[in-house]
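Structural features, examined
Here is how the chains run, residue by residue.
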Amino acid sequence: MNYVPGTASLIDDIDKKHLVLLRDGRTLIGYLRSIDQFANLVFHQTVERIHVGKKFGDIPRGIFIVRGENVVLLGEIDMEKPCDTVLQQVSIEEILEEQRLQQQAKQETDKVKMQALKDRGLAIPKADNLDEY
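Position numbers for residues count from 1 along each chain, tracking the sequence in the order it is written. Local features in this predicted model are restricted to residues whose pLDDT is 70 or higher, and side-chain atom pairs enter the listing and the counts only when it is 80 or higher, whereas totals over whole chains, interfaces and linings include all residues. Heavy atoms from the whole structure form the basis of all side-chain values; hydrogens and water molecules are not counted.

1. Points about the overall build of the protein
What counts is decided by this rule: Strands are runs of DSSP state E lasting at least 2 residues, helices are runs of H or I lasting at least 4, and numbering of each runs from the N terminus. Here the globule rule is a power law, 2.2 Å times the number of residues to the power 0.38, and the radius of gyration is based on C-alpha atoms. Burial status follows relative accessibility: with a 1.4 Å probe on protein chains alone, a residue under 20% of its type maximum counts as buried, one over 50% as exposed, and anything between as partly exposed. The Shrake-Rupley method, run with a 1.4 Å probe, gives the accessible areas here. Residue values count only the displayed protein chains as cover. Positive: Lys, Arg. Negative: Asp, Glu. His and the chain ends are not part of the count. Charge placement uses NZ in Lys and CZ in Arg. For Asp and Glu, CG and CD serve respectively.
Each helix and strand in the protein was counted, giving 1 helix and 6 strands. Order of helices (α) and strands (β) in the protein, N terminus to C terminus: β-β-β-β-β-β-α. The C-alpha radius of gyration of the protein comes to 19 Å, more than 25% above the 14 Å expected for a compact globule of 133 residues. Taking the principal axes of the C-alpha coordinates as reference, the protein spans close to 60 × 40 × 25 Å. Burial statistics for the protein: of 133 residues in total, 20% are counted as buried. Here the protein has roughly 10100 Å² of accessible surface; of this, 53% comes from carbon and sulfur atoms. With 18 positive and 22 negative side-chain charges, the protein shows a separation of 5 Å between the mean positions of the two kinds.

2. Things to note about the sheet that holds strand S6 (residues 88-89)
Defined as follows: The pairing criterion for strands is at least two bridges between them, as found by DSSP.
Read across the sheet, 6 strands follow the order S5-S1-S2-S3-S4-S6 without closing on themselves; strand pairing throughout is mixed. If you trace the sheet from one side to the other, it starts and ends with strand S5 (71-76) and S6, each paired once. As judged from the 5 bridges shared by strand S1 (residues 17-22) and strand S2 (residues 27-35), these two strands associate in the antiparallel manner. Bridged to leucine 21 within S2 is threonine 27.

3. Remarks on the UniProt feature "domain: Sm" (unreviewed entry) in the protein
In plain terms, the rule: UniProt positions are given in the numbering used here, feature names are shortened, and annotations may be inferred rather than shown by experiment.
UniProt feature "domain: Sm" (unreviewed entry): in the numbering of this structure it lies at residues 5-80. Between the end C-alpha atoms of residues 5-80 there is a gap of 28 Å, over a span that is 0% helix and 59% strand.

4. Let's talk about the pairing of S1
Side chains His18, Val20 and Leu22 of S1 all project onto a buried face; the interleaved residues Lys17, Leu19 and Leu21 project onto a face where none is buried. Counted along the chain from S1 to the antiparallel partner S2, the turn is 4 residues long, and its residue glycine 25 has a positive phi close to 95°. Here 5 bridges tie S1 to S5, and the two strands are oriented antiparallel to one another. Counterpart to histidine 18 in the pairing with S5 is glutamate 76.

5. Comments concerning the nonpolar core
Stated precisely, the cut-off is as follows: Throughout, nonpolar core names a set of buried Ala, Val, Leu, Ile, Met, Phe, Trp, Tyr and Cys residues whose side chains join them through atoms within 4.5 Å. We call two residues in contact when some of their heavy atoms are within 4.5 Å.
Grouped together as the largest cluster of nonpolar side chains are 10 residues: Leu10, Val20, Leu22, Leu28, Leu32, Ile35, Leu41, Phe43, Phe64 and Val66. For this core, the secondary structure elements donating two or more residues are S1, S2, strand S3 (41-52) and strand S4 (55-66). For this core, the element with the most residues is S2, which contributes 3 residues. Beyond its immediate chain neighbours, meaning those up to four positions away, leucine 10 contacts Leu32, Ile35, Leu41 and Leu74. Listed in part, the 5 residues of the second largest apolar core include Ile50, Val52, Ile59 and Ile95.

6. Overview of unusual backbone geometry
When glycine is set aside, most residues are seen to have a negative phi, and most peptide bonds are trans. Positive phi values are uncommon outside glycine, yet aspartate 15 reaches one of about 70°. Even without a glycine there, the phi angle at glutamine 45 is positive, about 55°. Looking at the secondary structure, you find glutamine 45 in strand S3.

Written out as structure tokens, the structure reads:
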């Protein structure tokens, strides 16, 4: 097997099922159909997998184009390996509700942490204001 540098090494992975983790935290699963020199990816029959605790749900997304700079991790899924996961698959509505509750709880704890820091005379700028610095 010869070494191929850069994104050209992904040519052997076209038409195989992959999992991709994006910079914003989303997880996509689909068939890799195309790549380019910037590592932009095109997926077919894509689903967005949402994990909350021991539950997960898949939201069908169809054809999905991913800009290369947003890829954190890309890996081939072994279709022949038996699935030995302890996760429970639930409906889209149920996983979205679980995700909403989890995000709400995180916002509440972040709010308490920020207030505790503020009470001690410390302040952390909000993420959307960081571009100004």
